[in-house]
Amino acid sequence: MTKNNYLKTLVWIALAVVGFSCEDKEDGPRVQPVDLSLHVVYSSDFNGQSADGVNVTLTNVTSQQVYDGITDASGQLLLEGVPSGTYDIIARKSYTASEFEAFAGVSTDQEEVVFNASQSGFAITTATSAMTLTLESGRVGDLVIKQVYNSGSDRVEGALFRDQFVEIYNNSNDTIYVDGLYVMGALGKTSEGTGAGYLSNGQYDWAQSIGMAATDDANENYLYAKWIYQFPGTGEDYPVYPGKSIIVAQTAVNHKAPFTGNKGEAVTVINPDLTVDLSGADFEVYLAEDGGSPLESDINNPDVPNMNNIFSFGRDFILDNPGREAVAIFRSETDVLSFPAYATPNVTEIKSTTKLYFQIPADLILDAVEIQPSPTNQVPRKLATSLDATYTYVPGGSYSSQSVIRKTSKTFGDRVVLMDTNNSEADFGYFEVANPRGFLQ
Ligand SMILES: [Ca+2]
Ligand SMILES: [Ca+2]
């Protein structure tokens, strides 16, 4: 405070004190003190539970006198002898990142997370004995990849790999729109490469790709897309509510029952228990309208919106069933089709037929999960450790019906918060049979 402001404040306090004493002397309207019982709670996002350790400050609008305290373990604070009048009320609780993680079940890269409640010009009268303040926060948490069903189901009795899907979950306390969101698979060498063009772990050394800028870390700071699909919508068409998820199906049909494929023949399954009903999926990939030779099972469910096919791989939304897959979700203001694209680093000459792969900045990635065939049969990893420190896998491997599923971290009423420590070994378990929208018990 500058000296000038300090003096002004002193004068203001002095005037206020004079004002009160005059009223008393003339026996005018007395300022009746009130014992005020305050209860501070979290919003329904956090199940309305009581909030302890909250700093509550009441500032009298007229006198600028401050009454404050900290809520106890049951979220209560008793302020005694508060003069009736008009008050600005502020409640504030600040968490360090680790305190916040323990409370909310999601990690944060912010140093401090603050919850606030405020009321301006609130009239406290002799009739006011108690009030409740509800803490609000900004959005905490984000979309995460919840479940990946890449393994498929038995080749004879199940649905092969036509029943694959990815589930994306709103792990935050606020509605998030998936409009324009991208889901991608990261390209990588699926066996250890040696010599020119490879890193010591056998993965591609993208720094050696033709035309790659030398000023940036081409391996750590980017992913290279094997496939990319984008959610349709123009901004607020497809809300995902807190604790809800969306399923992106390879094909949104009930794979447990026969259906008619795109060649007019029945697509059937012998043991329905091995596969999944994806007729209620939220989105599907439909490649048949793009020409080529899609799988027979690639039919268009008219009730399920189709993803925008940005960069497809194979004959439908095919995930690597042995588990050599890394899935990521990202947002970009810029059209991905305008991103630079590169050949794999083992290519020594770019021809018209050379396949180029879009370079996706790691900064854009909201979430990513590295999947491996098994701990004893790992392939060179595709994700930087900043995106996923480890990996997850299903023990049954290819065609096992098993899916990788993110574990539960916390529950607030009906809202489940899933584990997201960017360490898939800790964050994921598996379902014996993939379970769209299911939670691991
Ligand atoms: Ca399809
Ligand atoms: Ca459709």
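Computed from a prediction, not measured in an experiment: that's the story for all the values here.

Student: What am I meant to see in the overall build of the protein here?
Tutor: When helices and strands are counted, the protein shows three helices and 26 strands. Relative to a compact globule of 441 residues, whose C-alpha radius of gyration would be 22 Å, the protein shows 29 Å and is clearly more extended. The C-alpha extent of the protein, read off along each of the three principal axes, is 95 × 50 × 40 Å. Within the span of the protein, comprising 441 residues, buried residues form 47% of the whole. Counting contacts in the protein only where the partners sit at least 6 residues apart, residues at least 24 apart contribute 69% of the total. Accessible area for the protein stands at about 20700 Å²; split by element, carbon and sulfur atoms hold 48% of it. Distance between charge centres in the protein, computed from 27 positive and 56 negative side chains, equals 3 Å.

Student: Help me understand the coordination of the calcium ion (ligand 2) in this model?
Tutor: Note on metal sites: the ideal angle is 109.5 degrees for four tetrahedral donors, and 90 or 180 degrees for six octahedral donors. Each protein donor to the calcium ion (ligand 2) is listed here as E284 (OE), N300 (OD1), N301 (O), V304 (O) and N306 (OD1); together their distances run 2.2 to 2.4 Å. Read in sequence order, the donor residues for the calcium ion (ligand 2) give the motif E-x15-N-N-x2-V-x1-N. Classification of V304 as buried rests on a relative accessible area of 4%.

Student: How should I be thinking about the coordination of the calcium ion (ligand 1) in this particular structure?
Tutor: Only Q250 (O), T251 (OG1), V285 (O), D298 (OD), D316 (OD) and D316 (OD) from the protein reach the calcium ion (ligand 1) as donors, at distances of 2.2 to 2.6 Å. For the calcium ion (ligand 1), the six donor atoms in the first shell make angles of 51 to 177° at the metal, a pattern classed as irregular.

Student: Would you take a moment to explain the packing of aromatic side chains for this structure?
Tutor: One pair of aromatic rings is described through two measures. These are the centre distance and the angle between the planes. Applying the stated criterion across every chain, the model contains 27 aromatic pairs. Consider the rings of Y229 and F317, whose centres lie 5.3 Å apart with planes at 75°: the pair is edge-to-face. Placement of Y229 in strand 12 (residues 222-230) and of F317 in the loop between strand 18 (308-311) and strand 19 (326-330) is noted, with a sequence separation of 88 residues between them. The buried category is assigned to Y229, whose relative accessible area is 1%. F317 sits in the buried class, given a relative accessible area of 0%. Clustering of aromatic rings is evident, with ring pairs tying together Y42, F46, Y95, F100, F103, F115 and F412. The side chain of R415 reaches across the aromatic face of F46, ending 5.0 Å from its centre.

Student: So what exactly am I meant to see when it comes to the pairing of strand 24 (residues 408-412) here?
Tutor: Two faces make up the sheet, and in a regular strand the side chains alternate between them. In this sheet, strand 25 (residues 415-418) lies alongside strand 24 in antiparallel orientation, the contact comprising four bridges. Residue pairing in the sheet places K410 in a bridge with V417 of strand 25. The antiparallel hairpin formed by strand 24 and strand 25 contains two residues in its connecting segment, where G413 sits at a positive phi of about 60°.

Student: Looking at this structure, how should I read the side chain of T392?
Tutor: Tracing the backbone through its elements, the reader meets T392 in the loop between strand 22 (365-370) and strand 23 (403-406). Look at T392 and you get buried, because its relative accessible area is 4%. With near-sequence residues (within four places) excluded, T392 lies in contact with V369, E370, I371, Q372, V404, S424, F428 and G429.

Student: Looking at this structure, how should I read the domain arrangement of the protein?
Tutor: For interface size, the figure often reported is the accessible area lost on association. Here the protein is described as being made up of domain 1 (33-135) and domain 2 (141-441). Computed from C-alpha coordinates alone, the two centres of domain 1 and domain 2 are separated by 43 Å. In this complex, domain 1 contributes eleven residues to the contact, which on the side of domain 2 involves twelve residues. At the boundary of domain 1 with domain 2, total buried surface from both sides reaches about 860 Å², with 48% on carbon and sulfur atoms. For the pair domain 1 and domain 2, the number of links is zero salt bridges. In this assembly, domain 1 and domain 2 are joined by six residue pairs in polar contact (both at pLDDT 80 or more). Here the side of domain 1 that touches domain 2 is built from residues that sort into five nonpolar, four polar and two charged.

Student: Would you take a moment to explain the pattern of salt bridges for this structure?
Tutor: For side chains of opposite charge, pairing can occur when their charged atoms come near one another. With the rule as written, the count across this model stands at twelve salt bridges. For R92, the salt bridge identified is with E112, shortest N-O distance 3.7 Å. Placement of R92 in strand 5 (residues 85-96) and of E112 in strand 6 (residues 112-124) is noted, with a sequence separation of 20 residues between them. Among the residues examined, E112 registers a relative accessible area of 40% and is labelled partly exposed. Of the charged contacts in the structure, one is a salt bridge between K146 and E167, with a shortest N-O distance of 2.9 Å. One end of the pair, K146, is in strand 8 (residues 143-149); the other, E167, is in strand 9 (residues 165-170), and 21 residues separate them in sequence. Classification of K146 by relative accessible area gives buried; the value is 1%.

Basis of the calculations
Residues numbered from 1 in each chain as written. Chains lettered and ligands numbered in written order. Predicted model: local features only at pLDDT ≥ 70, side-chain atom pairs only at ≥ 80, totals over all residues. Heavy atoms only, no water. Helix = DSSP H or I, 4+ residues; strand = E, 2+ residues; numbered from the N terminus. Rg over C-alpha atoms; globule rule 2.2 N^0.38 Å. Buried < 20%, exposed > 50% of the residue type's maximum accessible area, 1.4 Å probe, protein only. Contact = heavy atoms within 4.5 Å. Areas by Shrake-Rupley, 256 points an atom, 1.4 Å probe, with all protein chains shown as cover. Lys, Arg positive; Asp, Glu negative; His and termini not counted. Charge placed at Lys NZ, Arg CZ, Asp CG, Glu CD. Donors = N, O, S within 2.8 Å, 3.2 Å for Na, K, Ca; no water. Tetrahedral: all angles 85-135°; square planar, octahedral: opposite > 155°, others 65-115°. Phe/Tyr/Trp six-rings, centres within 6.5 Å; stacked < 30°, edge-to-face > 60°. Lys NZ or Arg CZ within 6 Å of the ring centre and 35° of its normal. Pairing = 2+ DSSP bridges. Domains from an automatic or database assignment. Buried area = accessible area lost by both parts, 1.4 Å probe. Salt bridge = Lys/Arg side-chain N within 4 Å of Asp/Glu carboxyl O. Polar contact = N/O pair within 3.5 Å; in protein donor to acceptor, adjacent residues only side chain to side chain. Nonpolar A, V, L, I, M, F, W, Y, C, P; charged D, E, K, R; others polar.

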